[in-house]
Amino acid sequence: MSATNGKLNPSAIIAASLAGLLFGFDTAVIAGVTEALRGTFDLSAAQLGAAVSAALIGTLVGALGAGRPGDRYGSRNILLWIAIAYIVSALGSALSSGLAMLVAFRFLGGLAIGGSSVLAPVYIAEVSPPARRGMLVGFFQLSIVLGILGAYVSNFLIGQASEGELEWRLKLGVAAVPAVLFLLLMLRVPQSPRWLFHRGRAAEAKAAIETLSMGDPDTLFAQFGQGPAGSDRLSWRAHCRPILLAIALAMFNQLSGINAILYYLGDIFAAAGFDTVSADLQAVAIGVANLLATMLGMAIIDRVGRKPLLLIGAVGTAVALAVVAGIYSSGQGQHWLLPALIGFILFFAISQGAVIWVYLSEIFPTAVRARGQSLGSATHWGMNALIAFGFPVVAQYTQALPFWLFAGAMLVQAVVIWRYFPETRGVALETMERTVEGRG
């Protein structure tokens, strides 16, 4: 059986993708407890901001710090510790007796989110055949979207079944359940055979290949050995092209305004004159659109390719954002706001949403893949923090301006993607360096 045609054991993909579900769940669950936290701990606006942002700060630190241990000890081993961090964070947050304790456990959860965004896509990419790598790594993004929806549904159900202080504690603590499942599943999957092979552990690599049903070990070993020896240090001199690609993709992902829009969706609808009930219902519509479009992006990424999807998405999101900006600039056409935002979500989810974690996990050599992914992920989270902070500051002067800026950034992205980004669809990871550098 060839390396490409191996029928990959789905357990490894499911296990690693659960990191994405926890990523999405922990990111979104806080939205359902902010008012309760304010009342329970008598928090000021600044203190509530600290409780909410602690996870985001931890996410940036986790993304920056996960690459080196991932390359040294293997992504699977570090994901086990990340699973434990998710469990401790959920239980600790639920049992918090004060603000300091809550911030500490939320920060720990953020470390896990940041580490997940680096190492889960790396692991999936390294065990996936080239022809299906885009779809399989895309399961990580799909899991994030499912985790976000799961958090909203969980918050609603717990809110219906309990009340008082118990309600918010259950909302935060329930994340421990999927985290335990994540840990148990990761304990059953082996290290990445590519990582083992490049560490000189051929016997273990062969056993891992057989466990994962990746194909013929000798054929895969020949493939693993095709890549250039290279340096085991991530450096500008050796890896300037993939570094630039990773930073650009991560920056443009956030310059689309995706997370700012999701964070402030209620305010965006309120500014256009919608009441709270209407805003909640329309947020559900946007969440469903996000899920459906993500599934579509996964289904076509290995057929259409990464670059065409990014180009289509850049132009589509620019148009949708311009419509939103035009509504606010003119003060008319509010009935077009929901269709425009759904259009934005659709174009984003089938392009950048589906592509970012795939592309970042592909473009760096095996020896520095986790550190390269770490750089891209940290850029993603750093830009997320800056834009999430800046959006309400700019919007208080004119609601239209942020959307004009986002639309302009997407047009710039289209030019950059068209001019500089190589297509990576179907390229073996060991020969990717030649493709990235324009030599293959």
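A short tour of the structure in this document, coming up. None of these values were measured; they are calculated from a predicted model.

1. Considering the overall build of the chain
Per the secondary structure count, the chain includes 20 helices and 0 strands. C-alpha extents for the chain along the principal axes are approximately 65 × 50 × 35 Å. Considering only residue pairs separated by 6 or more positions, the chain has 82% of its internal contacts joining residues 24 or more positions apart. Accessible surface, the chain as shown: approximately 17,800 Å² in total, 66% of it carbon and sulfur. Each charge sign in the chain was given a centre, from 27 positive and 22 negative side chains, and these centres are 10 Å apart.

2. A look at the packing of helix 4 (residues 75–94) against helix 8 (residues 176–186)
Contact pair helix 4 / helix 8: the axes reach a minimum separation of 8 Å and the direction vectors enclose 160°. Taken as axis vectors, helix 4 and helix 8 run roughly antiparallel relative to one another. Judged by the sense of rotation from one axis to the other, the crossing of helix 4 with helix 8 is left-handed. Where helix 4 abuts helix 8, its residues Arg76, Leu79, Leu80, Ala83, Ile84, Tyr86, Ile87, Ala90 and Leu91 lie against Ala176, Ala179, Val180, Phe182, Leu183 and Met186. The class makeup of the residues in the contact of helix 4 with helix 8 is 14 nonpolar, no polar and 1 charged.

3. Side note on empty space enclosed by the protein
Across all of its chains, the model carries 4 cavities of 30 Å³ or more by this definition. In this structure, the second largest cavity encloses a volume near 60 Å³. As for the second largest cavity, its lining consists of Asp26, Val29, Ser89, Ala90, Ser93, Arg106, Leu172 and Ala175. In terms of residue count, helix 4 provides more of the lining of the second largest cavity than any other element does, 3 residues in total. Considered class by class, the residues forming the lining of the second largest cavity number 4 nonpolar, 2 polar and 2 charged.

4. A few points about the side chain of Ser89
Here Ser89 shows up in helix 4. Here the side chain of Ser89 touches Gly109 through a polar contact of 3.3 Å, landing on its backbone nitrogen. When sequence neighbours within four positions are dropped, the list of residues in contact with Ser89 reads Phe105, Leu108 and Gly109.

5. Notes on the packing of helix 18 (residues 369–395) against helix 19 (residues 400–420)
One way to put it is that helix 18 packs onto helix 19 with a least axis distance of 7 Å and a crossing angle of 130°. In terms of axis orientation, helix 18 runs oblique to helix 19. Contacts from Ile387, Phe391, Val394 and Ala395 of helix 18 reach helix 19 at Leu401, Pro402, Phe403 and Phe406.

6. Description of the nonpolar core
Of all hydrophobic cores here, the largest spans 103 residues; its most connected members are Tyr86, Phe182 and Phe403. Apart from the residues within four sequence positions on either side, Tyr86 is in contact with Ala19, Leu22, Phe23, Asp26, Gly109, Ala112, Ile113, Ser116, Ala179 and Phe182.

7. Description of the packing of aromatic side chains
Across all of its chains, the model carries 14 aromatic pairs by this definition. Relative to Trp357, the ring of Phe140 lies with its centre 5.9 Å away and its plane at 85°, an arrangement referred to as edge-to-face. Residue Phe140 is located in helix 6 (residues 133–161), and its partner Trp357 is located in helix 17 (residues 337–362); the two are separated by 217 residues in the primary sequence. With relative accessibility at 4%, the residue Trp357 sits in the buried group. Taken together, the ring pairs connect Phe23, Phe140, Trp357 and Trp381 into an aromatic cluster.

8. Topic: the pattern of salt bridges
Taken as a whole and judged by the stated rule, the model has 9 salt bridges. When the shortest N-O distance is used, the salt bridge between Glu126 and Arg369 registers 2.8 Å. One end of the pair, Glu126, is in helix 5 (residues 99–127); the other, Arg369, is in helix 18, and 243 residues separate them in sequence. For the pair shown, Glu126 and Arg369 are each scored as buried. Taking the shortest distance from any N to any O, the salt bridge between Arg306 and Asp302 comes out at 2.9 Å.

9. Re helix 17
Since one α-helical turn is 3.6 residues long, residues separated by three or four positions face the same way. With 26 residues, helix 17 should cover 38 Å at 1.5 Å per step; its first-to-last C-alpha distance of 36 Å lies within 8% of that length. At Ala349, helix 17 shows its largest kink, close to 45°. With 22 of 26 residues buried, helix 17 lies mostly within the body of the structure.

10. With respect to helix 7 (residues 165–173)
What helix 7 keeps buried is the set Glu167, Trp168, Arg169, Lys171, Leu172 and Gly173. Along its buried surface, helix 7 packs onto helix 1 (10–28), helix 2 (34–41), helix 4, helix 5, helix 6 and helix 8.

11. Remarks on the environment of Ile87
With respect to the helices, strands and loops of the structure, Ile87 is situated in helix 4. Judged by relative accessible area, which is 14%, Ile87 ranks as buried. Between the C-alpha atoms of Ile87 and Leu181, which are 94 residues apart in sequence, the distance is 10.0 Å.

12. Description of a nonpolar patch on the surface
Together, Val284, Val288, Leu292 and Met295 give the surface a local cluster of nonpolar side chains, amounting to about 370 Å² of exposed area. One can find Val284 in helix 15 (residues 276–304). The exposure class of Val284 is exposed, given its relative accessible area of 53%.

13. Quick notes on unusual backbone geometry
Both trends apply: most residues other than glycine have a negative phi, and most peptide bonds are in trans. A positive phi angle, near 50°, is found at Asp42, a position not held by glycine. Inspection of the secondary structure assignment puts Asp42 in the loop between helix 2 and helix 3 (45–73). Classification of Asp42 by relative accessible area gives exposed; the value is 66%. At Ser213, a position not held by glycine, the phi torsion is positive, near 55°.

About the thresholds
- Residues numbered from 1 in each chain as written.
- Predicted model: local features only at pLDDT ≥ 70, side-chain atom pairs only at ≥ 80, totals over all residues.
- Heavy atoms only, no water.
- Helix = DSSP H or I, 4+ residues; strand = E, 2+ residues; numbered from the N terminus.
- Contact = heavy atoms within 4.5 Å.
- Areas by Shrake-Rupley, 256 points an atom, 1.4 Å probe, with all protein chains shown as cover.
- Lys, Arg positive; Asp, Glu negative; His and termini not counted.
- Charge placed at Lys NZ, Arg CZ, Asp CG, Glu CD.
- Axes fitted to C-alpha atoms, helices over the stretch in contact; angles between N-to-C directions.
- Parallel < 35°, antiparallel > 145°, perpendicular 65-115°, else oblique.
- Left-handed = near helix turned anticlockwise from the far one by under 90°.
- Nonpolar A, V, L, I, M, F, W, Y, C, P; charged D, E, K, R; others polar.
- 1 Å grid on protein atoms, 1.4 Å probe; cavity = no way out; pocket = protein on both sides within 12 Å on 5 of 7 lines; lining within 4 Å.
- Points joined across faces, edges and corners; volume = space filled by probe spheres on them.
- Polar contact = N/O pair within 3.5 Å; in protein donor to acceptor, adjacent residues only side chain to side chain.
- Core = buried A, V, L, I, M, F, W, Y, C linked by side-chain atoms within 4.5 Å.
- Buried < 20%, exposed > 50% of the residue type's maximum accessible area, 1.4 Å probe, protein only.
- Phe/Tyr/Trp six-rings, centres within 6.5 Å; stacked < 30°, edge-to-face > 60°.
- Salt bridge = Lys/Arg side-chain N within 4 Å of Asp/Glu carboxyl O.
- Expected span 1.5 Å × (residues − 1).
- Bend = angle between axes of the 7 residues up to and from the residue.
- Patch = residues over 30% accessible without salt bridge, like charges linked within 9 Å, V, L, I, M, F, W, Y side chains within 5 Å.

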